[in-house]
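# Coordinate inspection notes
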Amino acid sequence: MSDVPDFTLIPAEGGDTLVLTGAMVVSRVGPLDMRLRAIATPLAQIDLAGVTTIDTVGAWLCCRLSRDTGAAIINADDVAQRLIKALQGVDDGVTDEPVRPLPTWLRVPSEVGDAVVGMGHGTIGVLGFIGQIVMASGSMIRHPGRIRARALVHQMELVGVNALGIIGLMSFLVGIVIAQQGAVELRQFGAEVYTVNLVGRLTLRELGILMTAIMVAGRSGSAFAAEIGTMKLTEEVDAMRTIGVSPMEALVLPRVFATVLMMPLLGVYAALMGIIGGAFLAQLTLGIPFISFIARIRTVVPVYDVWVGLIKGPVFGLIVALAGCYQGMQVESNAEEVGKRTTAAVVMAIFTVIVLDAFFAVFFSEVNWG
Amino acid sequence: MTALCRAPEYTVSGDADAFPIRVRGLRNEFGDYVVHDDLDLDVRRGEILGVVGGSGTGKSVLMRSIIGLQTPVAGSIEVLGQSITGARDDADIAIRCRWGVLFQGGALFSTLTVAENVEVPLREFYPDIDLRLLAEIAHFKVRLTGLAGEAAVKYPAELSGGMRKRAGLARALALDPELLFLDEPTAGLDPIGAAAFDQLIRGLQQTLGLTVFLITHDLDTLHEICDRVAVLADKRVIAVGTIPELLALDHPWIQSYFKGPRGRAAASVRHLD
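Cut-off values and rules
Residues numbered from 1 in each chain as written. Chains lettered and ligands numbered in written order. Predicted model: local features only at pLDDT ≥ 70, side-chain atom pairs only at ≥ 80, totals over all residues. Helix = DSSP H or I, 4+ residues; strand = E, 2+ residues; numbered from the N terminus. Rg over C-alpha atoms; globule rule 2.2 N^0.38 Å. Buried ≥ 20, exposed ≤ 12 C-beta atoms within 10 Å, placed from the backbone. Domains from an automatic or database assignment. Contact = placed C-beta atoms within 7 Å. Pairing = 2+ DSSP bridges. Axes fitted to C-alpha atoms, helices over the stretch in contact; angles between N-to-C directions. Expected span 1.5 Å × (residues − 1). Arc of directions from axis to C-beta. Right-handed = clockwise from strand over helix to strand, strands pointing away. Core = buried A, V, L, I, M, F, W, Y, C linked by C-beta atoms within 7 Å. Left-handed = near helix turned anticlockwise from the far one by under 90°. Nonpolar A, V, L, I, M, F, W, Y, C, P; charged D, E, K, R; others polar. Parallel < 35°, antiparallel > 145°, perpendicular 65-115°, else oblique.

## Some details on the overall build of chain A
A count of helices and strands for chain A gives 12 helices and four strands. By the compact-globule yardstick of 21 Å for 370 residues, chain A is too spread out, its C-alpha radius of gyration being 35 Å. Over its C-alpha atoms, taken along the principal directions, chain A stretches across nearly 110 × 60 × 40 Å. A burial count over chain A gives 38% of its 370 residues as buried.

Written out as structure tokens, the structure is:
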């Protein structure tokens, strides 16, 4: 296989003869192809006598050359003849030019336009999806027998119970960080004891539920999108419909309800773990005993702080589950889309949760729950 | 009975030129479930070998073992003179460009167009091929498998099942392989499409001088294009031969397979021709 394909041109009256030599195979003709394209002189004959082996790509080069120049192919052996004949049979004269991307000055506005239109469709799509969920929930309330208790409990385990470890650890560490940073600042005023207020109110009102929502969006929202998206790709969702099982009832509602139910519980749990983390640090570095820290939490944290967390929980849960299920159901064509939709689900969920959290903050201070 | 069924080529001490695929003493198991036990098989150069067997007899597992996707528990597999079972990952790449595989569902890359699918192996092995030539090669390979040129720019999701198989075949043939592995190429095609696909495989096999390892349930395919048929049963290849040779054997599964109502129909069509 050391015979590199090459050619020589033998000038003659009425057109040159191109003599090809060597192995005309796909692994070796790459450089030859460019040189063949550069031939400018008219050709009358293509001589294959010196060709040692040939495959379809080599035969294609001869074929193309013969088509473009009108040269006759001579001295082809059996294999070459067979291949060239087969290729001439399928050659439709069309050559697909490699696709060239638009120039930048066109591409930027075009992609901006696509993004705007996509956002518009997305908004309408989400509204429609929420409507479907409301209708499906309504029909489920009218026919409680259709509630898929098993799927619901299974999802509650996946979303809630299985997340206890990571959310607990995360909140514990966040509690430690708040207490530590708070104590450093407050010490300057000699007000270290207010670390308790800081940790208690911050975790119960804001951080517990917010961090939980972000974690659940990453853990479960992405899983919803990927699961449902893959089921769409493998036509499992279509199969469900034909059997008479509504994908809304079987796939979406259990996930939405499970997340809505588990999120406030996880939020409170996260807040408690954060307080324990703060108390742990206070015991170690501030000299506040663990028990007094906990007892003081009860006096300095108003009850409505707990309510704020509990009210935000189901709303955030709904957003996370909606984003995951909606994006999953949008998957249509291919594997790449599953990945894109999963990313979109997480980004959409976290972004919306943070925006809404800001609204909640304003709202609750307006109603004097500040 | 199995002793009787052992085809004579087992005694031939052939080399890689005569037998591009040689399987000896293959054993595959999944947990406690033994799929193959002491399986031997030789594929002759230039033949279309049909592989048949009931569901779950490990036809696809055999193919996956031969192409190195499944590591067998025991046994040796040689493809084109190179040991697959003894190969490290990088070492067996040299023969990966000498075979093409068509998976059951086509296994086209769904994010690429048909032409780009065909270009993938070419780009992988021969990066020095010019973009224009790549496009031309992809185009004529697609046309060789009987698809219209316009199909080349479509995505797999836009193609019908039959077109996807043809596109998969175009990708399998991208590197001008010597060996072609086909896993149920005509499954899910309408009878006319299946017959056309059979002829396509036969035509390409003759034009390109391929050796074809073909798993099928399609009795028409077996009768029409297979030079020999290997029967998988009892965890091994119980017989290899032409269909008349197989029918001469007194094995109940072979008899019921080829002489059942479908087998008779396929055979009678063959004789009417």
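## Observations concerning the domain arrangement of chain B
All names here are of chain B. Split by domain assignment, chain B resolves into domain 1 (19-94 + 180-187 + 195-273) and domain 2 (99-176). Distance between the C-alpha centres of domain 1 and domain 2: 25 Å. Between domain 1 and domain 2, the contact holds 12 residues from the first and 13 residues from the second. Looking at the side of domain 1 that touches domain 2, the elements that each hand over two or more residues are strand E7 (179-183) and helix H7 (191-208).

## As for the domain arrangement of chain A
The figure often quoted for interface size is the accessible area lost as the parts come together. Along its sequence, chain A is organised into domain 1 (6-90) and domain 2 (119-366). Distance from the C-alpha centre of domain 1 of chain A to the C-alpha centre of domain 2 of chain A: 67 Å.

## Focus on the sheet that holds strand E2 (residues 16-24) of chain A
All names here are of chain A. In space, the four strands of this open sheet follow the order E1-E2-E3-E4, with mixed pairing throughout. Every other strand in the sheet has two partners, leaving strand E1 (6-10) and strand E4 (72-74) as the edge strands with one partner each. When the angles between neighbouring strand axes are averaged without regard to direction, this sheet yields 20 degrees. Summarising the sheet, E2 and strand E3 (residues 43-54) pair through seven bridges and their orientation is parallel. Residue pairing across strands places threonine 21 opposite glycine 50, the latter belonging to E3. Lying on the sheet, helix H2 (residues 56-69) is in contact with E2, E3 and E4; it crosses E3 at an angle near 175 degrees. Packing of helix H3 (residues 78-90) onto the sheet brings it into contact with E3 and E4, and relative to E3 it is tilted by some 120 degrees.

## Structural notes on unusual backbone geometry
In this structure, Asn368(A) takes a positive phi of about 65 degrees despite not being glycine. Relative to the assigned elements, Asn368(A) resides in the segment after helix H12 (335-366). In this structure, Lys235(B) takes a positive phi of about 70 degrees despite not being glycine. Here Lys235(B) lies in the loop between strand E9 (228-233) and strand E10 (236-241). Accessibility expressed as a C-beta count within 10 Å gives 18 for Lys235(B), which makes it partly exposed.

## Remarks on H3(A)
Between its first and last C-alpha, H3(A) extends 19 Å over 13 residues, near the 18 Å set by a 1.5 Å rise per residue. Within H3(A) the residues assigned to the buried category are Ala80(A), Leu83(A), Ile84(A), Ala86(A) and Leu87(A). Taken around the axis of H3(A), the buried residues stretch over an arc of 160 degrees, which confines them to a single face. Opposite its buried face, H3(A) presents the exposed residues Asp78(A) and Gly89(A), each directed more than 90 degrees away. Buried residues along H3(A) sit against E3, H2 and E4 of chain A together with helix H5 (131-144) and H7 of chain B.

## Observations regarding the pairing of E2(A)
Residues and elements named next belong to chain A. Of the pairings in the sheet, the one linking E1 to E2 comprises five bridges and is antiparallel in character. What sits directly across from isoleucine 10, in E2, is threonine 17. Connecting E1 to the next strand, E2, in antiparallel fashion are five residues, including glycine 14 with a positive phi near 75 degrees. Between the parallel elements E2 and E3, the chain passes through helix H1 (residues 30-37) in a crossover that is right-handed.

## Concerning the nonpolar core
Of all hydrophobic cores here, the largest spans 106 residues; its most connected members are Phe181(B), Phe213(B) and Val231(B). Within the second largest apolar cluster, 61 residues are counted, among which are Ile209(A), Ala217(A), Val252(A) and Ile319(A).

## Re the packing of helix H7 (residues 195-233) of chain A against helix H9 (residues 247-286) of chain A
All names here are of chain A. Look at H7 against H9: their axes get within 7 Å of each other, and the N-to-C directions meet at 145 degrees. The crossing of H7 and H9 is right-handed. Taken together, the residues of the contact of H7 with H9 sort by class into 17 nonpolar, 10 polar and one charged.

## Considering the packing of helix H6 (residues 164-187) of chain A against H9(A)
Residues and elements named next belong to chain A. Where H6 meets H9, the axes come as close as 7 Å, and the angle between the chain directions of the two elements is 45 degrees. Between H6 and H9, the crossing angle belongs to the class labelled oblique. Taken as a pair, H6 and H9 cross one another with a handedness that is right-handed.

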